[in-house]
Amino acid sequence: MNNMRKKGTALVIGGGIAGLLSARVLSDYYEEVVIVEKDDFPVGPEDRAGTPQSFHPHRFTQRGKEIMTRFFPDFEQDLAEQGARSVLNKTVHNMNQYGSVVVQYPRNDYKFSRALLEWVVRRRVREIPGVRFLPKHEVLRLLTTPDHAAVTGIAARDRGSDGQEKVLMADLVVDTSGRSSKLTAWLENLGYDVPQPDLLKVNLGYSTRRYRIPPSQAHLIETWDTVIIGGQPANGTFSGVFSIIENQIAEVLLYRPGGHYPPTDAEQFEQAVAQLPSPLIAELLQGLEPITNPRGFRVPALHRHHFEQMDRWPSGLLVLGDAFCIYDPIFGQGMTVAAIEAEVLETSLREQWEAPRPQFEQRALRSIQAAIEPAWWLNCANDLQWEGVEYAGAEPLKGISFGRKYLDLHLERATAGPDLKLFGLYWAVNTLSMSPREMLNPDLVTSVLAATEEGRQWLDELTQQYGQPLEHVWDDIVPSFSEAPYPSASR
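Chains are numbered independently. Their residues run from 1 in the order of the written sequence. Thresholds applied to this predicted model are a pLDDT of at least 70 for local features of residues and 80 or more for the giving and counting of side-chain atom pairs; totals over whole chains, interfaces and linings are not thresholded and use all residues. Values reported for side chains reflect all heavy atoms of the structure, with hydrogen atoms and water molecules removed beforehand.

The protein chain has the name FAD dependent oxidoreductase in an unreviewed UniProt entry, where Paenibacillus elgii is given as its organism.

Structure (structure tokens):
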């Protein structure tokens, strides 16, 4: 924290991961931070009713973990004390339509359920002086000045027995209420013109079942990190993921975009696991005890808002997390993007405290949008390979047709070798540790395409299309991602 004096009150709408991270950042700048959450908070590490996706697998990428560790030092030790396990040197088996890559996980990371992570982080946030929680309160609307130019607080309804409406005043309100956010409606009711969001119509569904690992199968815990059987767009097969979380519990996820949903019936779920392109997950489940029925979750469309494009925006208001943009959960980027956004919020606040300027909120929103762009672009490029997935945006996504094709060819070359350097680069980019430009550069692209007949043919077509070598027109082909924050460009 800088040495500047804290001042005022900040309200955070939503007590999920994005809200907890936001509160942590805001606590360095505001005397009081209030987290307003519609649910009651469980006493232990349990799923909240208002987050139906909470039961399904969650993870931090390496970049997300690094940010979380900076905000909450040694938080993984808290996870370990509750039964989470290290996956250092455990086996990762990653299969796609081009083959399999098997490696030993190189870092001392921990696997956990979303419920356990939230509980651990919430305990840390409760310990921060000046931060308090207001659970079981539904935010009804924003409060503003008479001309609606500034947000001054919120009106919230107590979801307890009395249903009383409360007025909470604040110097800054941050909406982190997730995919159910009412921010667009609130702004429109105040007379603001809100741009239509970009939509990726994925019609995706996923189902998750949990299993207890008995003592007779304890060797699995010492052997395995994750098994990923990637879905094959050309064949329309499900993706399957096996992983082990805390307290000797394994979970299996089935997933597919395009409107063909995995089953939630227990018998049909097990049959679908057995029909995956590899029998490995079904074999690992032999001898494990199912402890839940499969639970499903469906996402008709992913959305990315463009609040940063609005001609007018009220001072005293920001938005982060799924309330701004939601992602395909199979890529495990959502919590990491929320952590990156929290760092953007921190940078924006520090700059504003050091040298106050008008339109702080608009600048912050533009920076948050820049942080969102790589994950959104990668989601679109990957999911548009599936039949039944459609993009609907106010403007075309630059380079997305190129990205759809190249990502697939890059993965083929990385897997078929295997070329672990290319494979590692693919995952570093898709887990947001490196900019897409590290993979989408003309030298590397030319090298990858030149390795196969299909690639050489496409390379010739691209050269003919643009009339000159790729390096001369590269900025016309793919986005620059130049404003997106990455570790190499950080503090």
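J.: Could you clarify how one ought to interpret the overall build of the protein chain in this entry?
T.: Here a helix means four or more residues in a row that DSSP labels H or I, a strand means two or more in a row labelled E, and each is numbered from the N terminus. Helices and strands together make up the secondary structure of the protein chain, namely 15 helices and 21 strands. To get the radius of gyration, use the C-alpha atoms; to get the globule rule, take the number of residues to the power 0.38 and multiply by 2.2 Å. The C-alpha radius of gyration computed for the protein chain amounts to 23 Å, which stays within 12% of the reference 23 Å derived for 491 residues, consistent with globular compactness. Based on the C-alpha atoms only, the size of the protein chain along its principal axes is roughly 65 × 65 × 40 Å. Buried, partly exposed and exposed residues are distinguished by accessible area as a fraction of the type maximum, computed with a 1.4 Å probe on protein chains only: under 20%, between the cut-offs, and over 50%, respectively. Residue burial in the protein chain is summarised as follows: out of 491 residues, 57% are buried. Taking contacts inside the protein chain between residues at least 6 apart in sequence as the whole, the part at least 24 apart equals 72%. Surface exposure of the protein chain reaches about 20700 Å², of which carbon and sulfur atoms provide 47%. His residues and chain termini do not enter the charge count, which takes Lys and Arg as positive and Asp and Glu as negative. Charged side chains are reduced to one point each, which is NZ for Lys, CZ for Arg, CG for Asp and CD for Glu. Side chains of the protein chain give 48 positive and 63 negative charges; the mean places of these two sets differ by 4 Å. Note on contacts: a residue pair qualifies if any of its non-hydrogen atoms lie within 4.5 Å across the two residues. Note on areas: these come from Shrake-Rupley sampling with a 1.4 Å probe, and a residue is covered only by the protein chains present in the view.

J.: What am I meant to see in the sheet that holds strand β12 (residues 198-201) here?
T.: The strands making up a sheet are joined through hydrogen bonds of the backbone, oriented either antiparallel or parallel. As summarised here, the arrangement of the three strands in space is β19-β12-β21, forming an open sheet in which the pairing is antiparallel. What marks the edges here is a single partner per strand, and that holds for β19 (302-304) and β21 (390-392). Within this sheet the neighbouring strands show an average axis-to-axis angle of 15°, counted without direction. Paired strands are those between which DSSP finds at least two bridges. Bridge analysis of β12 against β19 gives three bridges, and the strand direction is antiparallel. Following the sheet pairing, L200 is matched in β19 by L302. In this description, a line fitted to the C-alpha atoms serves as the axis of each element, helices being fitted only across the stretch in contact, and the angle between N-to-C directions of two axes falls anywhere from 0 to 180 degrees.

J.: I keep staring at the sheet that holds strand β20 (residues 317-319) and nothing clicks. Help me out?
T.: Taken together, five strands build an open sheet; the order of strands is β7-β2-β1-β11-β20 and the sheet is parallel. The sheet terminates laterally at β7 (131-134) and β20, the two strands that pair on one side only. Going across the sheet, the axis of each strand differs from the next one's by a mean of 20°, ignoring polarity. Across four bridges, strand β1 (residues 9-13) lies against strand β11 (residues 172-175) in parallel orientation. Following the sheet pairing, V12 is matched in β11 by V174.

J.: Would you mind showing me how to read the environment of K6 here?
T.: Looking at the secondary structure, you find K6 in the segment before β1. Note on K6: relative accessible area 32%, which makes it partly exposed. Separated by 305 residues in sequence, K6 and D311 place their C-alpha atoms 30 Å apart. If sequence neighbours within four positions are ignored, K6 has contacts with S27, D28, Y29, Y30 and E31. Of the polar contacts made by the side chain of K6, one reaches the backbone oxygen of S27; its length is 2.9 Å. Distance and chemistry together define a polar contact, namely a pair of N or O atoms within 3.5 Å, with one atom able to donate a hydrogen and the other to accept it when in protein, and with adjacent residues in sequence counting only for side-chain atoms on both sides.

J.: So what exactly am I meant to see when it comes to the packing of helix α1 (residues 17-26) against helix α4 (residues 114-126) here?
T.: Two numbers describe a pair of packed helices, the interaxial angle and the distance between the axes. Contact geometry for α1 and α4: axes closest at 10 Å, N-to-C directions at 20°. Viewed along their axes, α1 and α4 adopt a mutual orientation that is roughly parallel. Classified by chirality, the crossing of α4 by α1 is left-handed. Along its contact with α1, which presents I17, L20 and A23, the element α4 presents R114, L117, E118, V121, R122 and V125. The residue inventory of the contact of α1 with α4, partitioned by class, reads six nonpolar, no polar and three charged. Note that the term roughly parallel is reserved for angles under 35 degrees, roughly antiparallel for angles over 145, roughly perpendicular for angles of 65 to 115, and oblique for everything else. Less than a right angle of anticlockwise turn of the near helix away from the far helix marks a crossing as left-handed, whereas a clockwise turn marks it as right-handed. Gly is placed with the polar residues, together with every amino acid not listed as nonpolar (Ala, Val, Leu, Ile, Met, Phe, Trp, Tyr, Cys and Pro) or charged (Asp, Glu, Lys and Arg).

J.: Hey, could you run me through helix α9 (residues 334-354) in this one?
T.: In an α-helix, one turn spans 3.6 residues, which is why side chains three or four residues apart end up on the same side. Expected helix span is computed as 1.5 Å times (number of residues minus one). For α9, which comprises 21 residues, the first-to-last C-alpha distance of 30 Å matches the rise-based estimate of 30 Å (1.5 Å per residue) to within 8%. Counting buried positions over the 21 residues of α9 gives 16, a clear majority of the element.

J.: How should I be thinking about the domain arrangement of the protein chain in this particular structure?
T.: Where a domain begins and ends is set by an automatic assignment or by a domain database. Taken domain by domain, the protein chain consists of domain 1 (9-81 + 115-195 + 305-380), domain 2 (87-110 + 199-300) and domain 3 (398-477). On a C-alpha basis, the centroid separation for the pair domain 1 and domain 2 is 30 Å. Taken together, the contact between domain 1 and domain 2 spans 20 residues of the former and 21 residues of the latter. Joining two parts hides part of their accessible area as seen by a 1.4 Å probe, and the buried area is that hidden amount summed over both. Summed over both sides, the interface of domain 1 with domain 2 buries roughly 1800 Å², with 67% coming from carbon and sulfur. Salt bridges are counted wherever a side-chain nitrogen of Lys or Arg sits within 4 Å of a carboxyl oxygen of Asp or Glu. Applying the counting rule to domain 1 against domain 2 returns one salt bridge. In this structure, D109 engages K65 in a salt bridge whose closest nitrogen and oxygen atoms are separated by 2.5 Å. Going through the elements one at a time, α2 (62-71), α3 (75-81) and α10 (360-383) are the ones with two or more residues in the side of domain 1 that touches domain 2. Within the side of domain 1 that touches domain 2, the residues separate by chemical class into 10 nonpolar, five polar and five charged.

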